[in-house]
Amino acid sequence: MVANSEQVNPQLAGVPETLLIPLWARAMEQSRRDPLIVDPASAKIVQALNYDFDRFRRKRVETENFCVRSRVMDDVVSQILTARPGTTVVEFGPGLDTRFQRLGHLATNWLEVDLPEVIALRDRFFTPHAARRTVACSMLDEHWLDVCGSLCSEQPPLLIAEGVFYFFSDTEIRELLGAIGHRFPNSSFVFDAVSPWYLKFSNLRHPLTTSRLQFSLGPGAAEIPDWHSNWQIQQYVGYGDSPWYDSVMHRFPWWKRAAVRLLPVARHAFMIVHAAAKNDSPETNE
């Protein structure tokens, strides 16, 4: 991590500004004796940024939601990379996260794709690494496809998107999956989503008024193979699913723990999905 002697103005607005919410959540977690996610850099970055992070506290943002999300996604990604040595990872919207520092040793190459203003800010805090590259563009831009193609000639890539899909439409996500499946057959994608009813609830609680959440999925993420016949669900981790949540459920309030036991619909309020493109057919099921 690059040391900064003076505070940095993040100069983020709209969707890019949302990256500061999980950053703050991880920073708050570092003061706990047994943090859900170990990320000491997050606390240093929060201290270095000239930003009113206390607004998230005033809005009663539940930090454990973001930290558990990162923890479970780390575990899912780690399992995949351990079984597939030599894989190139493409991480969409890393913001100011440290997933490369946590899991980069399991991958051959790590490509971070984010908007130009985010990459510029990220470069202020993270030192270059031989295995890590950045691409300053939207995940909907085809430029990253060419860069990824030059890195993963031997094995298909593993793509990751944490807290990213929410700000795109169903059509945009569908087109993205189509482009990836066509360009990188046998690639895998790990991403998170919420149910339609929880999406509405999340927008009511969203602490930033300059961005709104759009994307949601139904139980089992069944829409994905319906959109593209070559994309199949390899693993579906619902809210509270064992063993992924066994060591973290104690951090949620009693009513959330009770909901998982008593209300089957609660399992699909939040999900982490591992999907795989089985062939290079661009055809979709209409």
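Rules and cut-offs
- Residues numbered from 1 in each chain as written.
- Predicted model: local features only at pLDDT ≥ 70, side-chain atom pairs only at ≥ 80, totals over all residues.
- Heavy atoms only, no water.
- Buried < 20%, exposed > 50% of the residue type's maximum accessible area, 1.4 Å probe, protein only.
- Helix = DSSP H or I, 4+ residues; strand = E, 2+ residues; numbered from the N terminus.
- Arc of directions from axis to C-beta.
- Contact = heavy atoms within 4.5 Å.
- Core = buried A, V, L, I, M, F, W, Y, C linked by side-chain atoms within 4.5 Å.
- Salt bridge = Lys/Arg side-chain N within 4 Å of Asp/Glu carboxyl O.
- pLDDT = per-residue confidence, 0-100.
- Phe/Tyr/Trp six-rings, centres within 6.5 Å; stacked < 30°, edge-to-face > 60°.
- Lys NZ or Arg CZ within 6 Å of the ring centre and 35° of its normal.
- Pairing = 2+ DSSP bridges.
- Axes fitted to C-alpha atoms, helices over the stretch in contact; angles between N-to-C directions.

1. Quick notes on helix α11 (residues 254-262)
Line of reasoning, step 1. Regarding α11, the residues found buried are Lys 256, Ala 258 and Ala 259. Taken down its axis, α11 places every buried residue within 160 degrees of arc, on the same side. What points out from α11, more than 90 degrees from its buried face, is the exposed set Trp 254 and Arg 261.
Line of reasoning, step 2. For α11, the secondary structure elements touched by its buried residues are α4 (63-83).

2. Section: the nonpolar core
Line of reasoning, step 1. Counting residues in each nonpolar core, the largest one holds 96 residues, and the members touching the most others are Leu 49, Trp 144, Phe 189 and Tyr 245.
Line of reasoning, step 2. Among the elements that take part in this core, α4 stands out by supplying nine residues, more than any other.

3. What to know about the pattern of salt bridges
Line of reasoning, step 1. Inspection of every chain in the model, using the stated rule, returns 20 salt bridges.
Line of reasoning, step 2. Asp 97 is the salt-bridge partner of Arg 99, the closest N and O atoms lying 3.8 Å from each other.
Line of reasoning, step 3. Salt-bridge contacts for Glu 112 lead to Arg 122; the nearest nitrogen and oxygen are separated by 2.8 Å. Linking Glu 112 in strand β2 (residues 109-114) with Arg 122 in helix α6 (residues 116-125), this pair joins segments that are ten residues apart in sequence. There is no split in this pair, since Glu 112 and Arg 122 are both buried.
Line of reasoning, step 4. Taken together, the salt bridges that share partners define one network made up of Arg 26, Asp 39, Arg 69, Asp 74, Glu 91, Asp 97, Arg 99, Arg 102, Glu 162 and Asp 192.

4. Things to note about the confidence of the model for the chain
Line of reasoning, step 1. Overall, the predicted model of the chain reaches an average pLDDT of 93, with 95% of residues at or above 70.
Line of reasoning, step 2. Here residues 280-286 scores under 50 on pLDDT; set against residues more than four positions off or in separate chains, the count is 16 contacts.

5. A few points about the packing of aromatic side chains
Line of reasoning, step 1. Taken as a whole, this structure holds 17 aromatic pairs when the rule is applied.
Line of reasoning, step 2. Ring centres of Phe 215 and Trp 227 lie 6.3 Å apart, and the angle between their planes is 55 degrees; on these two criteria the pair is classed as tilted. Of this pair, Phe 215 sits in the loop between α9 (196-205) and α10 (223-227) while Trp 227 sits in helix α10, placing them twelve residues apart in sequence. Accessibility assignment for this pair places Phe 215 and Trp 227 in one class, buried.
Line of reasoning, step 3. Among the aromatic side chains, those forming a connected cluster through ring pairs are Phe 92, Trp 144, Phe 165, Phe 184, Phe 189, Phe 191, Phe 215 and Trp 227.
Line of reasoning, step 4. If you follow Arg 122 out to its NZ or CZ, it ends over the ring of Phe 126, 4.4 Å from the centre.

6. Quick word on the sheet that holds strand β1 (residues 88-92)
Line of reasoning, step 1. A sheet is described by the order of its strands in space; here seven strands give the open sequence β3-β2-β1-β4-β5-β7-β6, paired in mixed fashion. Of all the strands in the sheet, just β3 (132-136) and β6 (231-238) have a single pairing partner and so form its edges. Mean inter-strand twist for the sheet, computed between neighbouring axes without regard to direction, equals 20 degrees.
Line of reasoning, step 2. Pairing geometry for β2 and β3, over five bridges, is parallel. Bridge assignment links Val 113 to a residue of β3, and that residue is Val 135.
Line of reasoning, step 3. Running at roughly 160 degrees to strand β5 (residues 188-194), α4 makes contact with β1, β2, β4 (158-161), β5, β6 and β7 (270-277) of the sheet.

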